[in-house]
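# Descriptive structure summary
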Amino acid sequence: MKKGILAIAGLAAIAIIAKKAQKRKAFVRGIFDEYDVKERTPFGFADRIRTMNDEEYNSLKEKVRAQFGRGCCKPRTAE
């Protein structure tokens, strides 16, 4: 009985992780399409960032920060 419950919980956890990964992949794909990144590699993305003006870059930065920056690496204040 315990093994069955653990197996169901494990499958549920895997499904949640897969769903989250799928959402993130779709977000990145949307960013590539929106900013017209032709080469879908980190190097192609970096090349596109180098050609952006400040307004486009700040817009991209805020979108990425809103999607991926939840609760990670909170800045500390000097004590």
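Placed above this text is the structure.
Attention here is on the structure that accompanies the text. Nothing here was measured: the structure is a model prediction, and the numbers come from that model. (Residues numbered from 1 in each chain as written. Predicted model: local features only at pLDDT ≥ 70, side-chain atom pairs only at ≥ 80, totals over all residues. Heavy atoms only, no water.)

### As for the nonpolar core
- Of all hydrophobic cores here, the largest spans 6 residues; its members are Ile31, Phe32, Tyr35, Val37, Met52 and Leu60.
- In this structure, Ile31 is in contact with Phe45, Leu60 and Lys63, ignoring residues within four places of it in sequence. (Core = buried A, V, L, I, M, F, W, Y, C linked by side-chain atoms within 4.5 Å. Buried < 20%, exposed > 50% of the residue type's maximum accessible area, 1.4 Å probe, protein only. Contact = heavy atoms within 4.5 Å.)

### Quick notes on the pattern of salt bridges
- Under the definition given, this model contains 6 salt bridges.
- For Arg50, the salt bridge is made with Asp47, and the minimal N-O distance between the two is 2.4 Å. Residue Arg50 and its partner Asp47 are both found in helix α2 (residues 42-51); the two are separated by 3 residues, about one turn of the helix.
- On the basis of relative accessibility, which here comes to 62%, the residue Arg50 falls in the exposed class.
- Under the relative-accessibility criterion, Asp47 is labelled partly exposed at 40%. (Salt bridge = Lys/Arg side-chain N within 4 Å of Asp/Glu carboxyl O. Helix = DSSP H or I, 4+ residues; strand = E, 2+ residues; numbered from the N terminus.)

### Notes on helix α3 (residues 54-68)
- The terminal C-alpha atoms of α3, which comprises 15 residues, lie 21 Å apart, in line with the 21 Å expected from a rise of 1.5 Å per residue.
- For α3, the side-chain oxygen to backbone nitrogen distance between the N-cap and Glu55 is 3.3 Å, and the N-cap itself is Asn53. (Expected span 1.5 Å × (residues − 1). Polar contact = N/O pair within 3.5 Å; in protein donor to acceptor, adjacent residues only side chain to side chain.)

### Concerning the environment of Asn53
- In this structure, Asn53 sits in the loop between α2 and α3.
- On the accessibility criterion, Asn53 (43% relative accessible area) is partly exposed.
- Within the local environment of Asn53, its side chain forms a polar contact with the backbone nitrogen of Glu56, the two atoms lying 2.8 Å apart.

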